[in-house]
Amino acid sequence: MTATDFIQIIGTAAFAISGYLVGYNKRLDVLGVVITALLTAVGGGVIRDGLVGRIPQVFLQTDALIVVFATLAIAWLIRVQRYRSTYLAAAFIIADAIGLAAFSITGAQIGMALQLNLFGVISLAFVTAVGGGIARDILVNDVPMILRTDLYGSVAILIGGL
């Protein structure tokens, strides 16, 4: 397992938890929670791969799907949603921050591997990091977090630039 693989797993699990918590807070049924978690965890990568003309990796490899469903099973078994709302809010922010950092790195790595210029590398880092969250927020009829919190997008751009 490479460092990139480990970062991917951490980001996927973190964003799956983030999506799980949003789905639960919106009182979605089981399928709705699974969809919000899956979309949050893999949506940015699907958008990124579409931008660079690749078949999305989630359609070729099952690693991300296994991580998402294992994360959801663990979250359901320990009943994450039963913790006090202050803990859930903190868990959401932490999970989203971890996923944001992890996917900014992987998006930038893909941009560098494709020999894109700095703008291309930063753009792929940004889209990979925030694409799934934007899709999730739109799905549940919220204004995407990226449009409400300046720091959120700025962190993705900064990490991509580094």
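The notes below deal with the structure included here. Everything numeric in this text was worked out from a predicted model, so none of it was measured. (Residues numbered from 1 in each chain as written. Predicted model: local features only at pLDDT ≥ 70, side-chain atom pairs only at ≥ 80, totals over all residues. Heavy atoms only, no water.)

1. A short note on the side chain of threonine 106
Piece 1. Tracing the chain through its elements places threonine 106 in helix H4 (residues 85–113).
Piece 2. Owing to a relative accessible area of 2%, threonine 106 belongs among the buried residues under this scheme.
Piece 3. With sequence-adjacent residues up to four places away left out, threonine 106 is seen in contact with Thr4, Ile7, Gln8 and Thr128. (Helix = DSSP H or I, 4+ residues; strand = E, 2+ residues; numbered from the N terminus. Buried < 20%, exposed > 50% of the residue type's maximum accessible area, 1.4 Å probe, protein only. Contact = heavy atoms within 4.5 Å.)

2. With respect to the packing of helix H1 (residues 3–25) against H4
Piece 1. Remark: H1 packs on H4, axes separated minimally by 7 Å, with the N-to-C direction vectors making an angle of 145°. Taken as a pair, H1 and H4 cross one another with a handedness that is left-handed.
Piece 2. Grouping the amino acids of the contact of H1 with H4 by side-chain chemistry returns 16 nonpolar, 8 polar and 1 charged. (Axes fitted to C-alpha atoms, helices over the stretch in contact; angles between N-to-C directions. Left-handed = near helix turned anticlockwise from the far one by under 90°. Nonpolar A, V, L, I, M, F, W, Y, C, P; charged D, E, K, R; others polar.)

3. Some thoughts on the packing of H4 against helix H5 (residues 118–139)
Piece 1. Direction vectors running N to C along H4 and H5 enclose 145°, while the axes themselves pass 6 Å from each other. Relative to H5, H4 is oriented so that their crossing is right-handed. Residues Phe92, Asp96, Leu100, Phe103, Ser104, Thr106, Gly107, Ala108, Ile110, Gly111 and Met112 of H4 touch H5, and the partners they reach there are Val121, Leu124, Ala125, Thr128, Ala129, Val130 and Arg136.
Piece 2. Residues that form the contact of H4 with H5 fall into these classes: 11 nonpolar, 5 polar and 2 charged.

4. Re the nonpolar core
Piece 1. In terms of nonpolar packing, the biggest core is built from 25 residues, with Tyr20, Val130 and Tyr152 touching the most fellow members.
Piece 2. Mapped by element, the contributors of at least two residues to this core are H1, helix H2 (30–51), helix H3 (63–77), H4, H5 and helix H6 (150–161).
Piece 3. The leading source of residues in this core is H1, at 5 residues.
Piece 4. Beyond its immediate chain neighbours, meaning those up to four positions away, tyrosine 20 contacts Val33, Ala37, Leu72, Ala75, Trp76, Val80 and Gln81. (Core = buried A, V, L, I, M, F, W, Y, C linked by side-chain atoms within 4.5 Å.)

5. Quick notes on the pattern of salt bridges
Piece 1. Here the structure, examined in full by the defined rule, presents 4 salt bridges.
Piece 2. Salt-bridge contacts for lysine 26 lead to aspartate 142; the nearest nitrogen and oxygen are separated by 2.9 Å. Taken together, the residues lysine 26 in the loop between H1 and H2 and aspartate 142 in the loop between H5 and H6 connect sequence positions 116 residues apart.
Piece 3. For aspartate 49, the salt bridge is made with arginine 54, and the minimal N-O distance between the two is 3.0 Å.
Piece 4. Of the residues examined, arginine 54 reaches a relative accessible area of 29% and is grouped as partly exposed.
Piece 5. Sharing partners across several salt bridges, the network here consists of Arg48, Asp49 and Arg54. (Salt bridge = Lys/Arg side-chain N within 4 Å of Asp/Glu carboxyl O.)

6. Description of H1
Piece 1. The end-to-end C-alpha separation of H1 is 33 Å, in line with the 33 Å expected for 23 residues at 1.5 Å each.
Piece 2. When H1 is considered as a whole, its buried residues turn out to be Gly11, Thr12, Ala14, Phe15, Ala16, Ser18, Gly19, Tyr20, Leu21, Val22 and Gly23.
Piece 3. Here H1 starts with a cap whose side-chain oxygen sits 3.1 Å from the backbone nitrogen of aspartate 5, and that cap is threonine 2.
Piece 4. Directly beyond the C-terminal end of H1, a positive phi value near 60° is found at arginine 27. (Expected span 1.5 Å × (residues − 1). Polar contact = N/O pair within 3.5 Å; in protein donor to acceptor, adjacent residues only side chain to side chain.)

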